Amino acid sequence: MLNLEKLRRETPACERILHFNNAGSSLNPWVVSDAVLRHLQREQEIGGYEAAAEAEQAQQLFYTAMGKYLGCAADEIAFAESASRAWTLALFSVPFQAGDEVITFPSEYASNYMSLLHLARQKNLIVKVCPFNESGQVDLIALESMISSKTRVIALTHVASQRGDIQPAAAVGKLAREHSIYYLLDACQSAGQLALDVSTLGCHFLAGTGRKYLRGPRGTGFLYVDAEIVEQLTPSFADLHSAQWLSTESFAWQAGARRFESFERHLAGMIGLGAAVNYANNIGIQHIEKRVQELASDLRDRLSQLDPIQVHERAEECSGIVTFSSSKESAAELKQRLNELGVNVSVSKSENAQLDLAREGVAAVVRASVHYYNSDEEITRFLDLVASV
Ligand SMILES: Cc1ncc(COP(=O)(O)O)c(C=O)c1O
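The following refers to the structure shown. (Residues numbered from 1 in each chain as written. Predicted model: local features only at pLDDT ≥ 70, side-chain atom pairs only at ≥ 80, totals over all residues.)

### Some details on the nonpolar core
Line of reasoning, step 1. Counting 116 residues, the largest nonpolar core has Ala-90, Leu-184, Leu-185, Phe-205, Ala-207 and Leu-223 as the members making the most contacts within it.
Line of reasoning, step 2. For this core, the element with the most residues is helix H10 (residues 267-283), which contributes ten residues.
Line of reasoning, step 3. Counting the residues that make up this core, at least three belong to each of domain 1 (4-27 + 285-387) and domain 2 (30-282).
Line of reasoning, step 4. Aside from chain neighbours lying at most four places away, what touches Ala-90 is Leu-184, Phe-205, Ala-207, Leu-223 and Val-225. (Core = buried A, V, L, I, M, F, W, Y, C linked by C-beta atoms within 7 Å. Buried ≥ 20, exposed ≤ 12 C-beta atoms within 10 Å, placed from the backbone. Helix = DSSP H or I, 4+ residues; strand = E, 2+ residues; numbered from the N terminus. Domains from an automatic or database assignment. Contact = placed C-beta atoms within 7 Å.)

### Considering the site of the ligand
Line of reasoning, step 1. Near the ligand there are 13 residues, and of these Ser-82, Ser-84, Ser-161, Cys-188 and Thr-209 occur at the shortest range.
Line of reasoning, step 2. Residue composition of the shell around the ligand, by class: four nonpolar, eight polar and one charged. (Near = placed C-beta within 6 Å. Nonpolar A, V, L, I, M, F, W, Y, C, P; charged D, E, K, R; others polar.)

### Some details on unusual backbone geometry
Line of reasoning, step 1. Even without being glycine, Asn-124 reaches a positive phi, approximately 60 degrees.
Line of reasoning, step 2. Within the fold, Asn-124 resides in the loop between helix H6 (110-123) and strand S4 (126-129).
Line of reasoning, step 3. Here Ser-180, not a glycine, exhibits a phi torsion of approximately 50 degrees, which is positive.
Line of reasoning, step 4. The class for Ser-180 is exposed, based on 8 C-beta atoms found within 10 Å.

### Quick look at the pairing of strand S6 (residues 182-186)
Line of reasoning, step 1. Of all five residues in S6, five are buried, a share of seventy percent or more.
Line of reasoning, step 2. In S6, alternate side chains face the same way, and those of Tyr-182, Leu-184 and Asp-186 on one face and Tyr-183 and Leu-185 on the other are all buried.
Line of reasoning, step 3. Two elements, strand S5 (residues 151-157) and S6, share five bridges in a ladder whose sense is parallel. For Thr-157, the partnering residue across the bridge sits in S6 and is Asp-186.
Line of reasoning, step 4. As for the winding sense of the linkage, the β-α-β connection from S5 through helix H8 (residues 169-178) to S6 is right-handed.
Line of reasoning, step 5. As paired strands, S6 and strand S7 (residues 205-209) are joined by three bridges and run parallel to one another. Of the residues in S7, the one forming a bridge with Leu-184 is Phe-205. (Pairing = 2+ DSSP bridges. Right-handed = clockwise from strand over helix to strand, strands pointing away.)

### Topic: H8
Line of reasoning, step 1. Among all positions of H8, only Ala-169, Val-172, Gly-173 and Ala-176 are buried. The buried side chains of H8 occupy one side of the element, clustering within an arc of 105 degrees when seen end-on.
Line of reasoning, step 2. Buried residues belonging to H8 abut helix H7 (140-146), S5, S6 and helix H9 (198-201).
Line of reasoning, step 3. Following H8 by one or two positions, Ser-180 adopts a phi angle in the positive range, close to 50 degrees. (Arc of directions from axis to C-beta.)

### Quick word on the sheet that holds S5
Line of reasoning, step 1. With mixed pairing, seven strands are arranged side by side in an open sheet as S2-S8-S7-S6-S5-S3-S4. Pairing within the sheet leaves two strands with one partner each, and these edge strands are strand S2 (77-80) and S4. Each strand axis lies, on average, 20 degrees off the axis of its neighbour in the sheet, ignoring direction. (Axes fitted to C-alpha atoms, helices over the stretch in contact; angles between N-to-C directions.)

Below, the structure is given as structure tokens:
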């Protein structure tokens, strides 16, 4: 059971704004901003390297808290500057051969898909998009029929940026494992709102960001890499943190996921993200998941009762992301109007969702993304404002 009053007190911005843009970037709780600011202050007071040495424990918390959340070892986690960077680091490390195939889905994030096209051109790969079923979810039979001896990677975005349906990530993982295919999961929108266990999901890689449902600072992300496959991978870059220089002719990669990291990084951000994941672990991810889904489902149900509104989720299992359009206002106009009333939402446009919204002829949708610290009263107020056009 969540103590909503306490959680809202720990999120000072709740008092001033109605924030339904958690899929963009959540409101930070005090404990996160404090951890970041404290570290920046120590850098100012004693120097960057000295502050880093002093903050060894706080840095480790990022790895241990993330490992606890994802059900993996701390050395299977790498810090990255964003989810997109984490995802590309993973994809580009796979030992592809010309003619290999990558299967992806309509939920794939735009930047991931472009990186995939980029790599496909370089390495002569074939990209296949497996359609969703009428519930907007992976069609497992279609997926299995698309798998061939050439399929090297299955890449799935767990919850899309532009639609709140939850994809059956564990069922896809099971298929990938049965066929010995690398499975790359984008958990950018699911991390922080869903319970994620990498063994259950069956993924070899999981990429995420700090600022969204995990409530961490901007400029932070992470990559999980399965220890069982890490030795098969070749990271794109080496530096004095990810590798060891052995002689003028040779170097060796560091053990584990560290080989995907850079020496230089936004250390205050990483410390802040560690604090954020620890905060979520302490609240209990099961409680968070339940609360987010209850709020979102209430919002979705009540929005769909409004005459001009069409809700775009189709699956039984939906996340905190609620997408909708109105016959009375464009998505951009509705967002702008809500913004002026102190309500934060975002807009997803079809040009950034060409495998999804564009194929359905939907130009844009409003995305209202709720988190556990949002209140029932905020849902009601939001609905009133949407209806008051
Ligand atoms: C599903 C999904 N994947 C990846 C990303 C990219 O995250 P980042 O901006 O941290 O690279 C986003 C961002 O909105 C996203 O929604």
